[in-house]
Amino acid sequence: MKNKLIILFLLAGIIITNAQTKLPEVSSGKLERIENFKSKFVSDRNIDVWLPEGYSEKTKYNVLYMHDGQMLFDANTTWNKQEWKVDETMSQLIGDNKIPACIVVGIFNDADDRHSDFFPQKPFESLPEKFRDSIMELNRYEGHALFAKPVQSDAYLKFIVEEVKPYIDSNFSVKTEKENTFIAGSSMGGLISMYAICEYPEAFAGAACLSTHWPGIFMVEGNPIPAAFQNYMMEYLPEGSSHRIYFDYGTETLDALYELPQKGVDEVMKAKGYTKENWMTLKFEGEEHSENSWGKRLATPIQFIMK
């Protein structure tokens, strides 16, 4: 069983960490790339900005920040020939007036640093020291560490809030207020999206966390990480009256691990006063841990956090 979980975890990592150089083609709207965006907090990386059809400087747009930006738009540029279909989904939602006009900022991950960038830092630091030391020794596969660097998700969030967001605010016609700014991701990207809305409640009004990787690593039994996340959320989760949070999970492949820890998170949400008006958790029977699955249901979280 352990080996099976490791394989599933590795596949999940491979699916969303491969580099990409070719500019994706989009079915509608326009894509602009910021090559090797320079940062003093994390490694330089590409950022793809999707602009909807008819984008105009005369209009102010909502902004959706998404992690793992190389997997969002074009299956022909991804290693596994899968994509989120972000351009198709956002165009449909905007065209049907189901969400306000919105741009999407797809921030590439760094394949080597992804786990170090995305693992929420405060919960990690709350773990017993021996356990922290042990998981820092884990390999993604032979010769390649799971954590290539110490956990640096606080720096990754500073990169988004203090470097990327000011650039987007200055160079695109967007609404800069919290009420019009959102963040989304899947798996480890779901974890860092949850962490972002907790650490920067003044920056993001909503977070969409798909297939959130609550185990944190590939070990399930005796793993204190889900409880550490729940304890952190109990302390830092922002008020539901001004924020919306979405969670979901499938039942196949790696997603089969998520139902039990998600139920624990749901209890935290209730204890913090969240209701169906500002929080949603959905189970997708038969869906797996993949871009194809996330793309199928993307419209639901986007509508919910932007409603």
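Scroll up a little and you will see the structure.
These numbers come from a predicted model, not from an experiment.

### Observations concerning the pairing of strand S9 (residues 244-250)
Then, number 1: For S9, a buried count of six out of seven residues is recorded, marking the element as mostly surrounded by other parts of the structure.
Then, number 2: Of the strand pairs in this sheet, strand S8 (residues 206-210) and S9 are connected by five bridges, and their pairing is parallel. Looking across to S9, one finds that Ala208 is bridged to Tyr246.
Then, number 3: In terms of strand pairing, S9 meets strand S10 (residues 279-284) through six bridges, oriented parallel.

### Let's talk about helix H9 (residues 259-271)
Then, number 1: For H9, built from 13 residues, the straight-helix expectation of 18 Å at 1.5 Å per residue is met to within 8% by its first-to-last C-alpha distance of 19 Å.
Then, number 2: On the buried face of H9, the contacting elements are helix H8 (225-236), S9 and S10.
Then, number 3: In the segment just after H9, Gly273 is the residue with positive phi, at about 90°.

### Re the packing of helix H7 (residues 188-199) against H8
Then, number 1: Closest axis-to-axis distance for the H7/H8 pair is 10 Å, and the angle between their directions is 25°. The angle between H7 and H8 places the two elements in the roughly parallel class. The handedness of the crossing between H7 and H8 is left-handed. Judged by residue contacts, Leu191, Met194, Tyr195, Cys198 and Glu199 of H7 engage Phe229, Tyr232, Met233 and Tyr236 from H8.

### Quick notes on the side chain of Arg45
Then, number 1: With respect to the helices, strands and loops of the structure, Arg45 is situated in strand S2 (residues 45-51).
Then, number 2: For Arg45, the side chain forms a polar contact with the side chain of Ser43, separated by 3.0 Å.
Then, number 3: At 3.0 Å, the side chain of Arg45 and the side chain of Asp117 are in polar contact.
Then, number 4: Ignoring any residue separated from it by four or fewer positions in sequence, one finds Arg45 in contact with Ile34, Asn36, Phe37, Ile107, Phe108, Asn109, Asp110, Asp117, Tyr156 and Phe159.

### What about the nonpolar core?
As a rule of thumb, soluble globular proteins bury nonpolar side chains together.
Then, number 1: Membership of the largest hydrophobic core comes to 60 residues, with the highest contact counts inside it found for Tyr65, Ile103, Ile168, Phe204 and Met233.
Then, number 2: Counting 27 residues, the second-largest nonpolar core is a separate cluster that includes Trp84, Ile99, Val104 and Ala205.

Cut-offs and rules
Residues numbered from 1 in each chain as written. Predicted model: local features only at pLDDT ≥ 70, side-chain atom pairs only at ≥ 80, totals over all residues. Heavy atoms only, no water. Buried < 20%, exposed > 50% of the residue type's maximum accessible area, 1.4 Å probe, protein only. Helix = DSSP H or I, 4+ residues; strand = E, 2+ residues; numbered from the N terminus. Pairing = 2+ DSSP bridges. Expected span 1.5 Å × (residues − 1). Contact = heavy atoms within 4.5 Å. Axes fitted to C-alpha atoms, helices over the stretch in contact; angles between N-to-C directions. Parallel < 35°, antiparallel > 145°, perpendicular 65-115°, else oblique. Left-handed = near helix turned anticlockwise from the far one by under 90°. Polar contact = N/O pair within 3.5 Å; in protein donor to acceptor, adjacent residues only side chain to side chain. Core = buried A, V, L, I, M, F, W, Y, C linked by side-chain atoms within 4.5 Å.

Bear in mind that shape data such as this cannot, by itself, settle questions of function.
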